[in-house]
Amino acid sequence: MTSHPRDAPQFYLTAPSPCPYLPGQQERKVFTHLVGRRARDLNEILTQGGFRRSQTIAYRPACETCRACISVRVVVGDFRPSDSQRRVLKRNRDLVGQAQANRPASEQYALFRRYLDARHGDGGMVDMTVLDYAMMVEDSHVETHLVVYRRRGPDTAINGRGTGAPVAVCLTDVLADGLSMVYSFYDPAEADRSLGTFMILDHIERARSLGLPYLYLGYWVEGSRKMQYKAKFTPQERLMPNGWARVEEG
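Here the structure is a predicted model, which means the values were calculated and not measured.

Rules used in this analysis
Residues numbered from 1 in each chain as written. Predicted model: local features only at pLDDT ≥ 70, side-chain atom pairs only at ≥ 80, totals over all residues. Heavy atoms only, no water. Domains from an automatic or database assignment. Contact = heavy atoms within 4.5 Å. Buried area = accessible area lost by both parts, 1.4 Å probe. Salt bridge = Lys/Arg side-chain N within 4 Å of Asp/Glu carboxyl O. Polar contact = N/O pair within 3.5 Å; in protein donor to acceptor, adjacent residues only side chain to side chain. Helix = DSSP H or I, 4+ residues; strand = E, 2+ residues; numbered from the N terminus. Disulfide = S-S within 2.5 Å. Buried < 20%, exposed > 50% of the residue type's maximum accessible area, 1.4 Å probe, protein only.

**Concerning the domain arrangement of the protein chain**
For step 1, the next point in the chain: As far as domains go, the protein chain holds domain 1 (11-70) and domain 2 (81-203).
For step 2, the next point in the chain: In this structure, domain 1 and domain 2 have C-alpha centres spaced 23 Å apart.
For step 3, the next point in the chain: Residue-level contacts link 13 residues of domain 1 with 17 residues of domain 2.
For step 4, the next point in the chain: Taking both sides of the interface into account, the surface hidden between domain 1 and domain 2 amounts to around 1200 Å²; carbon and sulfur atoms contribute 44%.
For step 5, the next point in the chain: Between the two partners, domain 1 and domain 2, sit two salt bridges.
For step 6, the next point in the chain: Two residues, Glu 143 and Arg 40, come together in a salt bridge whose shortest N-O distance is 3.0 Å.
For step 7, the next point in the chain: Where domain 1 packs against domain 2, one counts seven residue pairs in polar contact (both at pLDDT 80 or more).
For step 8, the next point in the chain: Residue contributions to the side of domain 1 that touches domain 2 peak at six residues, all from helix α1 (residues 39-48).

Here is the structure:
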C-alpha cells in the first residue's frame, strides 16, 4: 500500500452546477486545500498552472464539455496604459491605496455589502454575512494583504495614507513571480470612476515597483460580458494547452 506525506495535496472534483458565465453550460471544478507548511509553495505552483485561491482552497475549472475559462496574467514590464486607461488614472488621482494586513473591518464589510447588492444581487456571494467576509479575508496560509483605497487628505503626502471611508478594496496575494488579485470590490455610487479598471492599473504599478513580472487576473471567458474587461490589459499571457501564450491585443 502506497503511503503519502501528511501534507501531500489531495485533489477533489465538484459536482456539476450551472455556469455563472455562459448560459446553458455546466461547470465543475477540481480543487485542493492550501494548508500546512507547504501551502505557500503549493499556491505558487498551482497559480502558475491556472488555479485560483479562495481562502484555503485552490481551484480551477474542470468542465467536461467546455474549455472557455482561460487564465490570464498581465506582462507588467511591457504594459503601457491605453488612452482610455490613462483617463481612468487621471480620474482617480485623488485616491491613494494603502497595503495593510488582511484583517477585516466593519467599514470594509459595509462597502462589500453595497457592492454585492448593487452589482451581484443574484450571485452566489449575495448572502455572505460579516463572518463570511471575515473568513474570506483572514483565512489564508499564504502571503496576502488588503489594498484599501481612500481619498487623499491634507497629510497624505507625509504619511502615505488616505482619509475617510474606503472607496475600494482588493484582497491581493504576493507570489514569487507576481501579484494575484483574489477579490476586489468598490463603491457602486462611484461607477463613473471605473474603479475596477483603476485597481488593476494600480496593481500593475505595484507589481512593477516590486520587480515582479506578472499580475494575475484570474479567468477570462471569451463571449462573457463579465470578463470582457480583462482582455484590455495587454500585452498579456493566456494559459493554453501548450503553456502560457503571449497576446499583444485583446
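**Some points on the state of the cysteines**
One covalent bond between the sulfur atoms of two cysteine residues makes up a disulfide.
For step 1, the next point in the chain: Taken as a whole and assessed by the stated rule, the structure comprises zero disulfides.
For step 2, the next point in the chain: Cys 66 takes part in no disulfide bond, and the closest cysteine sulfur to it belongs to Cys 63, at a distance of 5.8 Å.
For step 3, the next point in the chain: Cys 19 provides the cysteine sulfur closest to Cys 69, a residue in no disulfide bond, and the two sulfurs are 6.0 Å apart.

**Concerning the environment of Thr 163**
For step 1, the next point in the chain: Along the chain, the position of Thr 163 falls in strand β10 (residues 163-175).
For step 2, the next point in the chain: What makes Thr 163 partly exposed here is its relative accessible area of 39%.
For step 3, the next point in the chain: For the pair Thr 163 and Gly 196, spaced 33 residues apart in sequence, the C-alpha to C-alpha distance is 20 Å.
For step 4, the next point in the chain: Once you skip the residues sitting within four places of it in the chain, Thr 163 turns out to touch Arg 150, Arg 151, Arg 152 and Gly 153.

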